[in-house]
Amino acid sequence: MKQFTTLSLLIALVLSLGAAALAQDMVELDFMCYENGNECSVYDDLLSRFSEANPGITVAVNTVPYTTVRDQLRVQVEAGQAPDIARITDFAGMAGFYLDLRPLMADPALLEDNVPGAILAAFRDDGDMDGLYGFPDAATVTAPYVNATLFEQAGVDMPSDVMDEPSWEDWLAALDEVAGATGVQYSMAIDNKGHRFAGPAMSMGANFFDEDGNFDLEDEDGFRAFAMILKDLIDAGKSPAETWLGTGQYTGAQDYFINVEAVMYFSGSWQIGRFSADIGDAFDWLVVPNPYGPGGSTGVAGGAAIVGYAATEHPEAVAAVMEYLLQPEVYGEFSSRTLGIPGHKAVAEMGVDYPTATAAVAAALNGFASEVPKLQDQAVALNPHPLAFAYYDASNTRLAQYFAGELTLDEAMSRLQEQLDEAAANMEAGG
């Protein structure tokens, strides 16, 4: 009996030591993810397959609101509590904290050759010329959505159907006519964000940057022109005031469009998945070309990106996950299932099949894709600019004050530029 007990204890000890060793070999990565549609759930599925092929690594995809990524992630990172991986939109905002994947990847060219140089550079800190830190998991483009059913009910032709280069003036006249004929409250809704505002402002002739690439907006007539257009719409009750006159923080206007309270909604390609799910066949909706102005017709390019953080305790595992997600077949499946426009050169050249897309979704994807060749250089440079988020936040606040009548347009533009100059000085000083 004593020998049996001793043997049992030895077996238990060996098993416990083996379990401890196995636990030490297991790696669990924390992936902070935000989504506009189903991006995080698709990542969860794709990465479960990664874990099946790599039994020592699991990835916990933690879905959080976008406000968490925007307002809290940097605080966590600076406090030494960074996730291993995150889905972000402010590429330059945490430069210096990202994990350099170049020495860890089996094939760095998979990243380097498939992402535009300007995007790669946005992740790098000053003086860093070749680090590889992240990649865009989707390209985005801003443009208007319209309720085609309302146009049909009103018997009004869409300007883009009857004109080669319809202007904002042409579109606003048509939207007013449709709203009046159908009893819809708002002609147009637009998200409260300087990012959405930028495309129309550029189309109206605004040049956002000086020759050195610094924000230079105070005297830009095109920016002022679209600000006046939007203020007139808000003052006339033709655009929802609540979107802009609240806290000055980001407020999406998509519900006005979904609930048939606005004829046009100006946002971007990331809304396609939500509209497919929430609108269904309630009405026909489509994407139309950006209206023309003195500066032509342009939206703004952007997108989300996946990055790893240098503070991770498992850099090799993070790099393995990133390399897996960059495989064209994996990235292509992500684009297909999330109804995304690929930001990966090889996948874009290969083409993406959208088998679950309805006719409306397929048309919208094609509509946004057709906007890409018209994008101005500054429209591509805006989102990865190191001070992009300083512009977004400051423009939200100052435009809201102008629309509320708290500031004149001259005062709003002056204070906007002061904030941008201060942000540039702080960045230069390392603050």
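Predicted model only: the values in this text are computed from it and were never measured.

A.B. asks: Just give me the short version of helix α2 (residues 39-53), but keep the residues and values in it.
C.D. replies: When the terminal C-alpha atoms of α2 are compared, their 21 Å separation across 15 residues agrees well with the 21 Å that a helix rising 1.5 Å per residue should span. Every buried residue of α2 is listed here: E39, C40, V42, Y43, L46, L47, F50 and S51.

A.B. asks: How would you sum up the pairing of strand β6 (residues 262-268)? Please name residues and give values.
C.D. replies: By the criterion of burial, β6 is predominantly enclosed, with 7 of the 7 residues buried. Pairing geometry for strand β4 (residues 134-147) and β6, over 5 bridges, is antiparallel. Each bridged residue has a counterpart across the sheet, and for V146 the counterpart in β6 is M264. Across 4 bridges, strand β5 (residues 186-190) lies against β6 in parallel orientation. Bridge pairing in β6 links I190 to F266.

A.B. asks: Report on helix α21 (residues 409-428), specifying residues and quantitative values.
C.D. replies: In an α-helix there are 3.6 residues to a turn, and that puts residues three or four apart on one side. Across its 20 residues, α21 extends 29 Å between first and last C-alpha, which sits within 8% of the 28 Å expected from 1.5 Å per residue. Turning to α21, its buried residues number three or more, namely L409, A412, M413, L416, Q417, L420 and A423. Looking straight down α21, one finds its buried side chains confined to an arc of 130°; they lie on one side. Contact partners of the buried residues in α21: α11 (221-235) and α20 (388-403).

A.B. asks: Give a detailed account of the packing of aromatic side chains, specifying residues and quantitative values.
C.D. replies: Overall, the coordinates contain 34 aromatic pairs when judged by the stated rule. Geometrically, the ring pair formed by Y43 and F334 is stacked, given 4.3 Å between the ring centres and 20° between the ring planes. Taken together, the residues Y43 in helix α2 and F334 in helix α16 (residues 328-338) connect sequence positions 291 residues apart. Just as Y43 is buried, F334 falls in that class too. These aromatic residues form a ring-pair network of at least three members: W168, F197, F208, F209, F215, F223, F226, F266, F389, Y391 and Y392. R87 extends its terminal NZ or CZ atom over the ring of Y34, reaching a point 4.9 Å from the ring centre. Taking NZ or CZ as reference, K231 lies 5.5 Å from the ring centre of Y402, over its face.

The rules behind each value
Residues numbered from 1 in each chain as written. Predicted model: local features only at pLDDT ≥ 70, side-chain atom pairs only at ≥ 80, totals over all residues. Heavy atoms only, no water. Helix = DSSP H or I, 4+ residues; strand = E, 2+ residues; numbered from the N terminus. Expected span 1.5 Å × (residues − 1). Buried < 20%, exposed > 50% of the residue type's maximum accessible area, 1.4 Å probe, protein only. Pairing = 2+ DSSP bridges. Arc of directions from axis to C-beta. Contact = heavy atoms within 4.5 Å. Phe/Tyr/Trp six-rings, centres within 6.5 Å; stacked < 30°, edge-to-face > 60°. Lys NZ or Arg CZ within 6 Å of the ring centre and 35° of its normal.

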